[in-house]
Amino acid sequence: MKLSLVLSAAVVALGAVAALPGSAEARDRIQATGSSTVFPFTTAVAERFGQRSGKAPIVESTGTGGGMRLFCAGVGVNTPDVANASRRITASEFDTCKKNGVTPIEIVVGFDGIVFANSKQGPALQLTLEQIFLALAAKVPNAQGQLVDNPNRNWSDIAPNLPNAKIEVLGPPPTSGTRDAFNELAMLEGCKAVQRRANVQIDNRACQQLRADGAFIEAGENDNIIVQRLAANPSAFGVFGYSFLEENRDKIQGARINGVEDTVENISSGKYPLSRSLYVYVKKEHIGVVPGLQEFINEYVSDQAMGDDGYLEKKGLVPLPADRREAVSRAARAATGMAGL
């Protein structure tokens, strides 16, 4: 190809970027934001992509909720191209995207388990979802079936076989997709178990309201900080994604939940009660406009990244089954946008 043609193509591409609504100047790097759980996986893909392209995408960790707000705010180089999410886009987020002219391309990148972990210097626990609810809910039923402020101060207040130690759990803030998933998978399901056993009615909002008396501590979006604090405090527990446990098994351990261990096999099969899917959303309107965005997607859904023994599995991602992975890859490579939920 003649040099003049190459230069013309480059000018056209950059001009298209600048023409996006709300842009001030052309942008030549992909921008991703969102979930702290998905952050290490997207960062790994960005590094591989950058080795070939010379321009690694910029990846920020803002939490799923914050990332989706930025992603759905509109089209243009002042908005991110990619949103990492540790839960699926909500109906209200999708409606906001649609209203603002954003068509999300949904990529299920793999599975993750939410772990309930503590220092290896502390006790190895086996917990039920009901016990997690009784430890962390703001209100629990008393013997008369009335909802009262949670009176449980020590784990042994819940069950005599649990440690006689203060309940202290470090977890994600409300902006985190991990918090949303924990509320749904642990708190809501544990609340249902309490309702069945005690024959009481508790509405879903109360089921998912966490304590604000110091037993549950919002520790921010950086899960590595939670891991460090657990290593320094053997009596505390933390709630975060499986990949952070996998990377720090020399220092911390995960509790069995309902008798099930947090292994790759149990997470991928759904046997582990706190299993969930992880997502990446790409702005369809930016493909072909922000340089390299489609190629970045192709790298993310490649077998070298998402496949069995891929480099994301080595980071702690639990891969999708081969047939589902192939379907996800085909849709992503075709830039198939979401028509609805």
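For clarity, every value in this text was computed on a predicted model and none was experimentally measured.

(A) Seen up close, the nonpolar core. By size, the foremost hydrophobic cluster in this structure holds 101 residues, and its most contacted members are Phe116 and Leu136. Per-element tally for this core: the top contributor is strand 4 (residues 104-119), with nine residues. Both domains that furnish three or more residues to this core are identified here as domain 1 (31-111 + 276-334) and domain 2 (113-275). The contacts of leucine 136, once residues within four sequence positions are left out, are Phe116, Asn150, Ile167, Val169, Phe182, Met187, Gln209, Leu210, Arg211, Ala215 and Phe216.

(B) Quick look at the packing of aromatic side chains. Taken as a whole and assessed by the stated rule, the structure comprises six aromatic pairs. When the ring of tyrosine 279 is compared with that of tyrosine 281, the centres are 5.9 Å apart and the planes differ by 15 degrees; the resulting orientation is stacked. Each member of the pair tyrosine 279 and tyrosine 281 is classed as buried. With a centroid separation of 6.0 Å and 80 degrees between ring planes, the pair formed by phenylalanine 296 and tyrosine 300 is classed as edge-to-face.

(C) Here's a closer look at the confidence of the model for the protein chain. Within the protein chain, residue pLDDT values average 89, and 92% of them lie at 70 or more. The model gives residues 1-19 a pLDDT under 50, and that stretch makes 13 contacts with residues more than four places away or in other chains. Throughout residues 21-25 the model reports pLDDT below 50, and contacts reaching past four residues in sequence, or to other chains, amount to nine contacts.

(D) Spotlight on the environment of alanine 331. Locating alanine 331 in the fold gives a position in helix 13 (residues 322-333). Note on alanine 331: relative accessible area 29%, which makes it partly exposed. Spatially, the C-alpha atoms of alanine 331 and glutamate 130 are 39 Å apart, while their sequence positions differ by 201 residues.

(E) Quick look at the pattern of salt bridges. On inspection of all chains with the given rule, the structure shows 19 salt bridges. For aspartate 28, the salt bridge identified is with lysine 55, shortest N-O distance 2.9 Å. Taken as a pair, aspartate 28 in the loop between helix 1 (3-18) and strand 1 (31-34) and lysine 55 in the loop between helix 2 (39-53) and strand 2 (58-59) lie far apart in primary sequence, 27 residues in all. If you follow the salt bridges from partner to partner, you end up with Arg87, Glu93 and Asp180 in one network.

(F) Local environment of the domain arrangement of the protein chain. What the domain assignment lists for the protein chain is domain 1 (31-111 + 276-334) and domain 2 (113-275). Measuring from the centre of the C-alpha atoms in domain 1 to the corresponding centre in domain 2 gives 28 Å. Contact residues are listed per partner, giving 18 residues for domain 1 and 20 residues for domain 2. In total, domain 1 and domain 2 occlude about 1,400 Å² of area from one another, counting both sides; carbon and sulfur atoms represent 54% of this. Together, Ser36, Arg276 and Val318 form the three largest contributors to the area buried by domain 1 at its contact with domain 2, with a combined 40%. Here domain 1 and domain 2 share one salt bridge between them. Here aspartate 180 ties to arginine 87 by a salt bridge, and the two come within 2.9 Å at their closest N and O atoms. The tally of links from domain 1 across to domain 2 stands at seven residue pairs in polar contact (both at pLDDT 80 or more). Residue assignment for the side of domain 1 that touches domain 2 shows that the elements contributing at least two residues are helix 2 and helix 3 (64-71). Tallied by class, the residues present in the side of domain 1 that touches domain 2 amount to four nonpolar, 10 polar and four charged.

(G) Local environment of the state of the cysteines. If you walk through the whole model with that rule in mind, you get two disulfides. Across the disulfide, cysteine 191 is cross-linked to cysteine 207 (sulfur-sulfur distance 2.0 Å). Between cysteine 191 and cysteine 207, the disulfide has an S-S torsion of -50 degrees and is therefore left-handed. Of this pair, cysteine 191 sits in helix 6 (residues 177-198) while cysteine 207 sits in helix 7 (residues 204-207), and the two are 16 residues apart along the sequence.

(H) Looking closely at helix 13. Between its first and last C-alpha, helix 13 extends 16 Å over 12 residues, near the 16 Å set by a 1.5 Å rise per residue. When we look at burial in helix 13, the residues that qualify are Arg325, Val328, Ser329 and Ala332. Buried residues of helix 13 fall within an arc of 100 degrees about the axis and therefore sit on the same side. Facing away from the buried surface of helix 13 by more than 90 degrees, the exposed residues are Asp323 and Arg330. The secondary structure elements touched by the buried residues of helix 13 are strand 4, helix 11 (293-300) and helix 12 (303-306).

What counts as what
- Residues numbered from 1 in each chain as written.
- Predicted model: local features only at pLDDT ≥ 70, side-chain atom pairs only at ≥ 80, totals over all residues.
- Heavy atoms only, no water.
- Core = buried A, V, L, I, M, F, W, Y, C linked by side-chain atoms within 4.5 Å.
- Buried < 20%, exposed > 50% of the residue type's maximum accessible area, 1.4 Å probe, protein only.
- Helix = DSSP H or I, 4+ residues; strand = E, 2+ residues; numbered from the N terminus.
- Domains from an automatic or database assignment.
- Contact = heavy atoms within 4.5 Å.
- Phe/Tyr/Trp six-rings, centres within 6.5 Å; stacked < 30°, edge-to-face > 60°.
- pLDDT = per-residue confidence, 0-100.
- Salt bridge = Lys/Arg side-chain N within 4 Å of Asp/Glu carboxyl O.
- Buried area = accessible area lost by both parts, 1.4 Å probe.
- Polar contact = N/O pair within 3.5 Å; in protein donor to acceptor, adjacent residues only side chain to side chain.
- Nonpolar A, V, L, I, M, F, W, Y, C, P; charged D, E, K, R; others polar.
- Disulfide = S-S within 2.5 Å.
- Expected span 1.5 Å × (residues − 1).
- Arc of directions from axis to C-beta.

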